[in-house]
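Notes for the structure review
Residue-level listing of the chains:
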Amino acid sequence: MIRMENKDMSQMDAKRAAQLLEKWISVYDMDDAKAWEKDEFPFIKDTSKAMKLSIQMLRGKSAVKGAQLHAAAAQLLEYVDEYGMDSPSEWEQENIPFVKEVLEAVNFTVALLKK
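Counting from 1, residues in each chain are numbered in the order their sequence is written. Where local features are concerned, this predicted model is filtered to residues with pLDDT of at least 70; where side-chain atom pairs are given and counted, the filter is 80 or more; whole-chain, interface and lining totals use all residues. With hydrogens and water set aside, each side-chain value is computed from the structure's full complement of heavy atoms.

Overview of the overall build of the chain
For helices the rule is a DSSP run of H or I covering at least 4 residues; for strands it is a run of E covering at least 2, with both sets numbered from the N terminus onward. For the chain, the helix and strand inventory stands at 5 helices and 0 strands. If you list the helices and strands of the chain from N to C, you get α-α-α-α-α. Expected size for 115 residues packed as a compact globule is a radius of gyration near 13 Å; at 14 Å, the chain falls within 12% of this value. Principal-axis analysis of the C-alpha atoms gives the chain an extent of 40 × 35 × 20 Å. Only protein chains enter the calculation, and the probe is 1.4 Å; a residue is then buried if its accessible area is under 20% of its type maximum, exposed if over 50%, and partly exposed in between. Counting every position in the chain, which comprises 115 residues, the buried fraction comes to 37%. Put simply, of all contacts in the chain between residues at least 6 apart along the chain, 67% involve residues at least 24 apart. As displayed, the chain has an accessible area near 7,400 Å², and 51% of this comes from carbon and sulfur atoms. Throughout, radius of gyration means the C-alpha value; the globule benchmark is 2.2 Å times the number of residues raised to the power 0.38. Contacts were defined at the residue level, with two residues in contact if any of their heavy atoms lie within 4.5 Å. With residues, only the protein chains shown are counted as cover, and all accessible areas are computed by Shrake-Rupley using a 1.4 Å probe.

Quick notes on unusual backbone geometry
Within the chain, Asp29 stands out as a residue other than glycine whose phi angle is a positive 45°. By secondary structure assignment, the location of Asp29 is in the loop between α2 (14–27) and α3 (41–58). Residue class for Asp29 comes out partly exposed when judged on its relative accessible area of 38%.

In structure tokens, the structure reads:
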């Protein structure tokens, strides 16, 4: 049973990636300026916009192409780096599975945005 769960988690698709990005925005209050330090929020706001554009693209509801998609991909990668999403030691133990799954969704999304 565990093996099957791991297999399902590793099979990222557009629908799952969109759901995970939406959940990330919500869990981390990325649209709430009061939830963030004043100097951090502009970056978080830009990342939230990039995630929302990505969600639209993943769902086939975006007409945006080219440079805007590449800019969104760059923003997502910068966020991953800035907040240590690719460093499990940076996260509380109970959050690691969720962070890893969202990181997989981000990498999946970035690959599509760069096409």
